[in-house]
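Secondary and tertiary structure notes
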Amino acid sequence: MPVRQLDIQPGKKQFVSIIIVSLILLVGSGWAIVNGAEEGSVSPTFLGSYGTAVFIFEVITALLLLAQFLRTGRFTYAFLSLAYLWVALISPVQIMLLHETITLTPSFQAGGTEAAWLWTFWHIGFPIIIAIALGLNGANPIVTDRPKFWAWYLFTAEIIVVAIILTLSLFGWVTLPEMVSQDNQFGNILKNIIGPLVAFTCGTALFMVVFKGRFRTDIYAWLAVAMLAALCEGLVSIYSGSRFSVGWYAARIFSLISSGAVFLALLLDTMALYLKVIEQNKELRKIASIDKLSQLSNRREFDERLNEEIRRAIRERKPLSLIMLDIDFFKSFNDSYGHQAGDRCIVQVADSIRHVVSRPADVAARYGGEEFAVLLPDTSEQAAFELAEEIRQHISDTPFKLENGEQVAVTASFGVSCLHPTTPSDGGELVKSADAALYLAKRSGRNCVQRPTHSWHCERQLQEAKVDGHPEVLRKHSPVSTDPQC
Ligand SMILES: Nc1nc2c(ncn2[C@@H]2O[C@H](COP(=O)(O)OP(=O)(O)OP(=O)(O)O)[C@@H](O)[C@H]2O)c(=O)[nH]1
């Protein structure tokens with residue numbers, strides 16, 4: 001399903017930049033119209049760089065706009081992309097025809113007139129397609145849920161049309177009216193008909209972009225600049241002298257601005273979207289890993305971190321400890337003071353855990369209901385035991401305040417376990433033993449900390465010996481062992 005919520009609105013800085021560029025375009029065109037007929041230096045290398053820049057800008061802009069179409073399904077973006085593809089396909093050939101020798105190769109019957117006609121197709125086709133694009137962008141923009149199919153269909157159709165235009169222009173199969181004389185002077189058709197027509201279509205497209213697009217997104221805002229630049233190019237072309245005149249150079253620069261404006265907007269959009277996605281990913285990760293009530297890690301995050309820490313402890317041959325704790329008589333607390341008070345009590349216990357557990361590597365989590373777990377990497381059983389005792393003390397020293405001001409004592413029971421993991425499945429073993437110790441704490445009268453039973457330790461040592469292949473330990477713990485400790 002296409003995503004439609006990622007349009008970036010232009011900020012204050014962008015509006016200021018748009019106003020500055022527009023003013024430069026208007027003042028520059030005024031100047032170029034007055035001085036346009038003056039001869040400039042003939043620089044065929046300028047044509048090469050200009051052609052390359054236009055082609056690259058147009059191709060990338062067309063692709064980025066195509067991506068917008070595939071994302072949103074809006075036909076406006078499809079046609080905007082077609083407009084830029086149109087220029088990308090026609091402009092290299094047109095610029096090659098202008099290059100020094102004028103003819104592309106002798107087998108092509110093409111020259112200055114064909115170049116001028118391709119310029120016409122380029123400069124009239126582009127604003128017409130832009131105007132169509134904006135015409136499709138009403139209050140209820142036309143969208144499709146099959147953007148890929150339409151992309152293939154529309155792009156193929158345009159490529160066929162361009163192929164026909166290029167073939168007709170390059171092979172001399174049709175005789176087009178002369179527009180440029182032998183000495184590169186622009187003819188009457190170009191000056192009196194084509195130039196004004198280009199200016200008119202660009203003006204219409206600019207009107208559509210401003211009144212339909214209303215600067216709602218970066219793309220529409222910079223598209224307005226692009227169309228203003230295209231309009232300036234058309235106007236200056238009417239008044240410029242010949243190829244390589246001052247006006248001709250100015251028109252080429254406006255053409256570059258027209259090509260680069262949306263390209264720049266799309267680049268800025270892509271950057272902004274990239275940063276937004278990173279931000280949202282972080283936010284999503286946080287939402288997915290935090291328990292809403294206690295703001296500690298949730299069970300999912302705990303399980304993930306347990307696996308990670310087990311792997312790390314195996315690698316680094318370090319101990320891993322776990323504290324499991326459960327609020328005492330929580331059912332009767334809920335029954336006596338209500339579920340909401342119960343919730344606040346869970347938050348208070350979580351605060352006590354947070355107060356004591358401060359190492360960044362430790363993971364304090366709500367394991368489920370009124371049960372919590374604290375994972376302590378690189379921590380011995382004795383250190384974990386002391387930490388659990390500290391949490392227990394903090395919880396029992398912090399009575400719960402009811403809404404009527406009455407204070408209620410809250411306690412919790414703790415199970416502590418520690419092991420030097422040897423296999424990834426030891427995560428389950430660690431939880432099981434801490435849980436067993438917690439059960440022991442409940443049976444021993446609650447509000448206390450317990451470790452796993454001695455027999456669990458012996459069994460564990462036996463397992464480790466099997467894994468490490470220490471026969472002496474195996475012998476010590478074998479069923480016929482006379483070791484009084486086990
Ligand atoms: N208010 C509240 N209660 C919860 C929440 N999650 C679990 N509980 C309640 O916690 C109670 C846990 O009860 P039990 O498992 O019997 O344990 P207990 O009453 O604390 O008894 P001991 O653990 O043996 O001390 C149940 O009544 C659950 O409904 C929660 O998010 N909020």
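Going by the structure above, here's the rest.
This write-up is about the structure you can find in this document. (Residues numbered from 1 in each chain as written. Predicted model: local features only at pLDDT ≥ 70, side-chain atom pairs only at ≥ 80, totals over all residues. Heavy atoms only, no water.)

The next point concerns the site of the ligand. Neighbouring the ligand are 16 residues, the closest being Phe329, Phe330, Lys331, Asp343 and Arg366. One of the backbone nitrogen or oxygen atoms of Phe330 is found 2.6 Å away from an oxygen atom of the ligand. Here Asn334 contributes a side-chain N or O atom positioned 2.8 Å from a nitrogen atom of the ligand. Out of a free accessible area of 670 Å², the ligand has 67% covered by protein chains. Of all elements in the fold, only strand 1 (320-327), helix 10 (330-337) and helix 11 (339-356) reach the threshold of two or more residues within the shell around the ligand. Residue contributions to the shell around the ligand peak at 4 residues, all from helix 11. Residues that form the shell around the ligand fall into these classes: 4 nonpolar, 4 polar and 8 charged. (Near = heavy atom within 4 Å. Polar contact = N/O pair within 3.5 Å; in protein donor to acceptor, adjacent residues only side chain to side chain. Areas by Shrake-Rupley, 256 points an atom, 1.4 Å probe, with all protein chains shown as cover. Helix = DSSP H or I, 4+ residues; strand = E, 2+ residues; numbered from the N terminus. Nonpolar A, V, L, I, M, F, W, Y, C, P; charged D, E, K, R; others polar.)

Looking now at the packing of aromatic side chains. Overall, the coordinates contain 18 aromatic pairs when judged by the stated rule. Between the aromatic rings of Phe75 and Trp150, the centroid separation amounts to 5.3 Å while the plane-to-plane angle is 85 degrees, which identifies the pairing as edge-to-face. One end of the pair, Phe75, is in helix 3 (residues 75-98); the other, Trp150, is in helix 5 (residues 147-170), and 75 residues separate them in sequence. For Phe75, a relative accessible area of 10% translates into the label buried. Judged by relative accessible area, Trp150 falls into the partly exposed class, the value being 28%. (Phe/Tyr/Trp six-rings, centres within 6.5 Å; stacked < 30°, edge-to-face > 60°. Buried < 20%, exposed > 50% of the residue type's maximum accessible area, 1.4 Å probe, protein only.)

A separate point is the pattern of salt bridges. When the charged atoms of two side chains with opposite charge come close together, those side chains can pair. For the structure shown, the criterion picks out 17 salt bridges. With a closest N to O distance of 2.8 Å, Asp326 and Lys442 form a salt bridge. In this pair, Asp326 sits in strand 1 while Lys442 sits in helix 13 (residues 426-443), placing the two residues 116 residues apart along the sequence. Owing to a relative accessible area of 10%, Asp326 belongs among the buried residues under this scheme. Of the charged contacts in the structure, one is a salt bridge between Arg354 and Asp351, with a shortest N-O distance of 2.8 Å. Of this pair, Arg354 and Asp351 both sit in helix 11, separated by 3 residues, roughly a single helical turn. (Salt bridge = Lys/Arg side-chain N within 4 Å of Asp/Glu carboxyl O.)

Of all hydrophobic cores here, the largest spans 82 residues; its most connected members are Leu80, Tyr84, Ile130 and Leu134. Elements that contribute at least two residues to this core include exactly helix 1 (12-35), helix 2 (44-72), helix 3, helix 4 (112-135), helix 5, helix 6 (188-213), helix 7 (218-239) and helix 8 (246-289). The element that contributes the greatest number of residues to this core is helix 3, accounting for 16 residues. Filtering out sequence-adjacent residues up to four positions away, Ile130 remains in contact with Leu80, Ala83, Tyr84, Ala205, Val209, Leu223 and Met227. Among the nonpolar cores identified, the runner-up in size contains 31 residues, and Phe330, Val357, Ile391 and Phe400 belong to it. (Core = buried A, V, L, I, M, F, W, Y, C linked by side-chain atoms within 4.5 Å. Contact = heavy atoms within 4.5 Å.)

What follows deals with helix 1. The terminal C-alpha atoms of helix 1 lie 35 Å apart, and with 24 residues this matches the ideal 34 Å at 1.5 Å per residue to within 8%. Every buried residue belonging to helix 1 is among Gln14, Ile18, Ser22, Leu25, Ser29, Ala32 and Asn35, and all of these are buried. (Expected span 1.5 Å × (residues − 1).)

Turning to the sheet that holds strand 2 (residues 363-368), a few remarks are in order. Reading across the sheet, the 5 strands line up as 2-3-1-6-7 and stay open at both edges, with mixed pairing between neighbours. Strands at the two margins of the open sheet, each flanked by one partner only, are strand 2 and strand 7 (449-450). Looking at chain direction, strand 1 and strand 6 (residues 412-419) are connected through 8 bridges and run antiparallel. Directly across from Leu320, in strand 6, lies its bridge partner Leu419. Most of the contacts of helix 12 (residues 381-397) go to strand 6, to which it runs at about 165 degrees, and overall it touches strand 1, strand 3 (371-377), strand 6 and strand 7. (Pairing = 2+ DSSP bridges. Axes fitted to C-alpha atoms, helices over the stretch in contact; angles between N-to-C directions.)

A separate point is helix 9 (residues 299-316). A rise of 1.5 Å per residue sets the reference length of helix 9, with its 18 residues, at 26 Å; its end C-alpha atoms lie 25 Å apart and thus fit the reference within 8%. In the core, the buried residues of helix 9 are packed alongside helix 8, strand 1, strand 2, strand 3 and helix 13. One or two steps after helix 9, the chain reaches Arg317, where phi turns positive at roughly 50 degrees.

Unoccupied space between atoms shows up once a probe the size of one water molecule is rolled over them. Tallied over the full model, the rule gives 2 cavities of 30 Å³ or more. Taken as a whole, the second largest cavity encloses approximately 100 Å³ of empty space. Every residue lining the second largest cavity is counted, 13 residues in all, and those nearest its centre are Val87, Trp122, Phe126, Glu233 and Ser258. Secondary-structure elements contributing two or more residues to the lining of the second largest cavity are helix 3, helix 4, helix 7 and helix 8. Top contributing element to the lining of the second largest cavity by residue count: helix 4, with 4 residues. Class assignment of the residues belonging to the lining of the second largest cavity gives a composition of 7 nonpolar, 4 polar and 2 charged. (1 Å grid on protein atoms, 1.4 Å probe; cavity = no way out; pocket = protein on both sides within 12 Å on 5 of 7 lines; lining within 4 Å. Points joined across faces, edges and corners; volume = space filled by probe spheres on them.)

The analysis is restricted to geometry; functional conclusions fall outside its scope.
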